[in-house]
Amino acid sequence: MQDLRNLLKNADIEIRREALETLKGKSGEEYVNLLLMAMEDTSWRVRNTAIDILLEYYPVESYIHGLIQLLYQEHNAGARNSAIEVLIRLNKKVTPYLIEAFNTPNRDVRKFIIDILGGFKDTRSIPLMLSALKDDDENVRATAIEHIGKIRESSVINALIEIIESDDIWTSYPATDALGRIGDRKAIPALRKALEKKTLRAPAIKSLSLIADNTTLQDIIPYLKDNVKTVQEEVLLGIVRYYHKGVSEDFITGEIRRIIGENAIDYIIPHTKSNKYEVKASAILLLGLMKDNRAYNALLEISQEENFVDDVKRAFVFIGKESPESLLKLFETDNIYQKRIMCEIASCIASPVYYPILEELLKNEDGHIRSIAATGLSKIGDPKAMEPIKKLLNDPYEDVQEAAVEALSRFRTWLSVIDYINLLRDRNPTLRKNAALILGKIDAKEAIPALEFALKDSDVRVRKACVEAFSLLKTKDSVKSLILALTDEDPQIRISSALNLGSIGGEGILEALSFLISDPVDAIRVAVSKAFGMLADKRAVQNLIKLLSDKNGFVVTTTIESLSKIGGNEAKLALLKMIESPDKEIKRTAIKALASFEGIEEKLFPFLKDHDWATRMAAVEVLGQSGKDYIRKELEKILDAEEDPIVKRMIQDSLEKTKSQ
């Protein structure tokens, strides 16, 4: 025994840990005492080893009292924290012991016990919690109240009300807050009374809104005019809480107008300038619910603030769905940004009321407005919009053309496929390109012969659009055309074709792609490698292995990732060779790629000591996913030797994650 005691005092952490390991399966008070002594160790690893052995090999009755005594170690935070960790892991089985231990003059220990019991949410601890409400120490009382609120036990309501009615501000504030979290309507009279006390007004408003009984809305609305700003803010947050809990907007706005009067928005608008995000967002939402056109300009002004633009849009969409015509005047602004916002709102509401304005805005000098207007018209769905939108297919801006293509594609029921096939022969290459895109998007399979002809177009943009169309049509003929496009003189078209074929898959594609593995363009070999990975066809492994010796590093790393996706022993052996690469990036990619394979752990152990920190990170990332005991031990061994704080943190996180596995 003395030898063991000496070993546990050895300067070498590994020797202390190995000494603890010998205690597994042994019984006797002397061994328990050694484990408890080890929980006072300065090393995190030694303490963790002691914890694991106690929990797995010893009955709780044998060490619980010693464990609780560690809570008194006020000069050893490690011992205290370890004891708390074990007590939390033991959960409700230690509730009776902690209740008994609460009878101590040490206020810190009493607070620890309340905190631990509060986390269990065990109803057996409620009498103790209630008793703690009268504790001599205010921190113990406040902690008990906080946990009672989390337990949400209605039987404690009377005790909390008693605290609110006392003059103890330190505890009545959290008690008021706890009543809201419990959410029992029995607390409403006490909370109404608490509104009369200035110090409790804000938490009482919050608690009433958490209960959200619509009869209490009238109690908090008057405080929208309170002299204290934080109270006004709590009212705004509270009203929004009622709304989110299902109280109707008509009832809410009706009560606000009845109690405050028609000038109610004058008390809300100033909060739209608040520096507090939640307050500002609540004010914006409330103005939307009020549907008062006097607030429109204030909302439009806020729309220029990036963090609140979505809140403003939601408010206007809410208003506009009921009364779309009320927003028409807002389009008259000269502010381009505000006009864009209004276009987006009209696009979301999609009311026919906006058709004339949106059609007119197709001619606006701002490209964003033209794009949004086209989208909005397509959502309204009136086919007469097709002709004016069609003019945007020749817009000078690419993104406006794309919006027009998307918008016209939504009219597929009314579109004439023949018209767009004919457009493939137009003298204007921009129109030919966009016609091909539309034919693909509307799934016009009858257009395949015309698209095949267009694949020989002199303009590369048209040929690229044809490739995109073929990838959407996904017929045997369109796949044949994509294979044909692999021989196009333009590298971008060969890349696009390869990637699309990889995502589609099917007969003959693997063979067609194989011809490109020696293409002189690096980006094409990368695309082919990716496509092989997408196909996940084991027949591609040999081609991928050839690409592992490519001169371009990006081709090699992409190929490593593709081999990982395909899997199999041949791919695994090829990747194991790549972890010996002198190129750090290739080595790290290969290590990570091996994560999906079995039996690679021992091959990766050496990289835990690699001179390159990023390579060590890659090895930890892969090995750290395993919960196997011998891998954990290997990671624990290198933890103390690791000097890089980022790698060290990653090892600790991995050990923590796999601890419970």
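Conventions and cut-offs
- Residues numbered from 1 in each chain as written.
- Predicted model: local features only at pLDDT ≥ 70, side-chain atom pairs only at ≥ 80, totals over all residues.
- Heavy atoms only, no water.
- Helix = DSSP H or I, 4+ residues; strand = E, 2+ residues; numbered from the N terminus.
- Buried < 20%, exposed > 50% of the residue type's maximum accessible area, 1.4 Å probe, protein only.
- Contact = heavy atoms within 4.5 Å.
- Areas by Shrake-Rupley, 256 points an atom, 1.4 Å probe, with all protein chains shown as cover.
- Lys, Arg positive; Asp, Glu negative; His and termini not counted.
- Charge placed at Lys NZ, Arg CZ, Asp CG, Glu CD.
- Core = buried A, V, L, I, M, F, W, Y, C linked by side-chain atoms within 4.5 Å.
- Phe/Tyr/Trp six-rings, centres within 6.5 Å; stacked < 30°, edge-to-face > 60°.
- Lys NZ or Arg CZ within 6 Å of the ring centre and 35° of its normal.
- Arc of directions from axis to C-beta.
- Expected span 1.5 Å × (residues − 1).
- pLDDT = per-residue confidence, 0-100.
- Polar contact = N/O pair within 3.5 Å; in protein donor to acceptor, adjacent residues only side chain to side chain.
- Salt bridge = Lys/Arg side-chain N within 4 Å of Asp/Glu carboxyl O.
- Axes fitted to C-alpha atoms, helices over the stretch in contact; angles between N-to-C directions.
- Parallel < 35°, antiparallel > 145°, perpendicular 65-115°, else oblique.
- Nonpolar A, V, L, I, M, F, W, Y, C, P; charged D, E, K, R; others polar.
- Disulfide = S-S within 2.5 Å.

### Focus: the overall build of the protein chain
Phase 1 of the analysis: Across its full length, the protein chain carries 42 helices and 0 strands.
Phase 2 of the analysis: Taken over the C-alpha atoms alone, the protein chain extends approximately 95 × 80 × 35 Å along its principal axes.
Phase 3 of the analysis: Each of the 661 residues in the protein chain was classed as buried or not, and the buried ones make up 55%.
Phase 4 of the analysis: Taking contacts inside the protein chain between residues at least 6 apart in sequence as the whole, the part at least 24 apart equals 63%.
Phase 5 of the analysis: Within the structure as shown, the protein chain displays about 31,300 Å² of accessible surface, and the carbon and sulfur contribution to it stands at 49%.
Phase 6 of the analysis: In the protein chain, which carries 93 positive and 102 negative side-chain charges, the distance between the mean positions of the two groups comes to 1 Å.

### Structural notes on the side chain of Thr589
Phase 1 of the analysis: Examined against the element boundaries, Thr589 turns out to sit in helix α38 (residues 584-593).
Phase 2 of the analysis: With residues up to four places along the chain from it excluded, the contact list for Thr589 reads Thr557, Ile560 and Glu561.

### Quick look at unusual backbone geometry
Keep in mind that most residues, glycine aside, have a negative phi and that most peptide bonds are trans.
Phase 1 of the analysis: For Asn91, which is not glycine, the phi torsion reads 55° and is therefore positive.
Phase 2 of the analysis: Tracing the backbone shows Asn91 in the loop between α6 (77-90) and α7 (95-101).

### What about the nonpolar core?
Phase 1 of the analysis: Core analysis: the largest hydrophobic core is formed by 230 residues, its most contacted members being Tyr63, Leu67, Phe316, Leu327, Ile389 and Leu451.
Phase 2 of the analysis: Here this core gets 8 residues from one element, more than from any other, and that element is helix α19 (residues 277-290).
Phase 3 of the analysis: When near neighbours in sequence (up to four residues on either side) are disregarded, Phe316 contacts Tyr296, Leu299, Leu300, Leu327, Leu330, Ile345 and Ile349.

### So, the packing of aromatic side chains
Phase 1 of the analysis: As enumerated under the stated definition, the model contains 5 aromatic pairs in all.
Phase 2 of the analysis: Here Lys390 stacks its cationic end above the ring of Tyr420, 5.0 Å away from the centre of that ring.

### Some points on helix α31 (residues 476-485)
Phase 1 of the analysis: Taken residue by residue, α31 has Ser478, Val479, Ser481, Leu482 and Ala485 as its buried positions. The buried residues of α31 occupy one face: seen down the axis, they fall within an arc of 155°. Residues of α31 that are exposed and point over 90 degrees away from its buried face: Lys476, Lys480 and Leu484.

### Some thoughts on helix α12 (residues 169-182)
Phase 1 of the analysis: Compared with an ideal rise of 1.5 Å per residue, which puts 14 residues at 20 Å, α12 spans 20 Å between its outermost C-alpha atoms and is within 8% of the ideal.
Phase 2 of the analysis: Across the 14 residues that make up α12, a large majority, 10, are buried.
Phase 3 of the analysis: Buried within α12 are the following residues: Thr171, Ser172, Pro174, Ala175, Thr176, Asp177, Ala178, Leu179, Gly180 and Ile182.
Phase 4 of the analysis: Residues of α12 that are buried sit in contact with α10 (138-151), α11 (157-164), α13 (188-194) and α14 (198-211).

### Considerations on the confidence of the model for the protein chain
Phase 1 of the analysis: Residues with a pLDDT of 70 or more make up 100% of the protein chain, whose mean pLDDT is 92.
Phase 2 of the analysis: The least confident element of the protein chain, judged by mean pLDDT, is helix α1 (residues 2-7) at 80; the most confident is helix α26 (residues 398-409) at 98.

### Comments concerning the environment of Glu452
Phase 1 of the analysis: When you line up the elements, Glu452 lands in helix α29 (residues 448-454).
Phase 2 of the analysis: Along the chain, Glu452 and Tyr277 lie 175 residues apart, while their C-alpha atoms are 55 Å from each other.
Phase 3 of the analysis: Residue contacts for Glu452: discarding those within four places in its chain leaves Phe470, Asp477 and Ser481.
Phase 4 of the analysis: For Glu452, the side chain forms a polar contact with the side chain of Ser481, separated by 3.3 Å.

### A closer look at the pattern of salt bridges
Phase 1 of the analysis: Enumeration according to the criterion identifies 52 salt bridges in this entry.
Phase 2 of the analysis: Between Lys276 and Glu233 there is a salt bridge, with its nearest N and O atoms 2.6 Å apart. Here Lys276, found in the loop between α18 (265-268) and α19, pairs with Glu233, found in helix α16 (residues 229-244); they are 43 residues apart in sequence, far enough to count as distant.
Phase 3 of the analysis: Its relative accessible area of 42% is what places Lys276 among the partly exposed residues.

### Notes on the side chain of Arg494
Phase 1 of the analysis: Along the chain, Arg494 falls in helix α32 (residues 491-504).
Phase 2 of the analysis: A polar contact of 3.3 Å, which involves the side chain of Arg494, links it to the backbone oxygen of Glu489.
Phase 3 of the analysis: A polar atom in the side chain of Arg494 sits 3.2 Å from the side chain of Asp519.
Phase 4 of the analysis: In this structure Arg494 touches Ala485, Leu486, Thr487, Asp488, Glu489, Asp519, Val521 and Ile524, once residues within four positions along its chain are discounted.

### Looking at the packing of helix α36 (residues 553-566) against α38
Phase 1 of the analysis: In the contact formed by α36 and α38, the axes pass within 9 Å of each other and the chain directions differ by 10°. Relative to α38, the element α36 is oriented roughly parallel. Contacts from Val556, Thr557, Ile560, Glu561 and Ser564 in α36 reach Glu585, Ile586, Thr589, Ala590 and Ala593 in α38.
Phase 2 of the analysis: When grouped by side-chain class, the residues that make up the contact of α36 with α38 number 5 nonpolar, 3 polar and 2 charged.

### Points about the environment of Ile51
Phase 1 of the analysis: Among the structural elements, Ile51 can be located in helix α4 (residues 44-57).
Phase 2 of the analysis: A relative accessible area of 0% means that Ile51 is categorised as buried.
Phase 3 of the analysis: Taking the C-alpha atoms as reference points, Ile51 and Leu36, separated by 15 residues in sequence, lie 8.5 Å from one another.
Phase 4 of the analysis: Aside from chain neighbours lying at most four places away, what touches Ile51 is Met39, Ser82, Glu85, Val86 and Arg89.

### Some points on the state of the cysteines
In protein structure, a disulfide is the covalent linkage between the sulfur atoms of two cysteines.
Phase 1 of the analysis: Summed over the entire model, instances satisfying the criterion amount to 0 disulfides.
Phase 2 of the analysis: As a non-bridged cysteine, Cys343 has Cys348 as the owner of its nearest cysteine sulfur, 11 Å distant.
Phase 3 of the analysis: You can call Cys343 buried: its relative accessible area is 0%.

### Some words on the environment of Lys391
Phase 1 of the analysis: Considering the arrangement of structural elements, one finds Lys391 in the loop between α25 (386-390) and α26.
Phase 2 of the analysis: Taking the C-alpha atoms as reference points, Lys391 and Leu431, 40 residues apart in sequence, are found 9.6 Å from one another.

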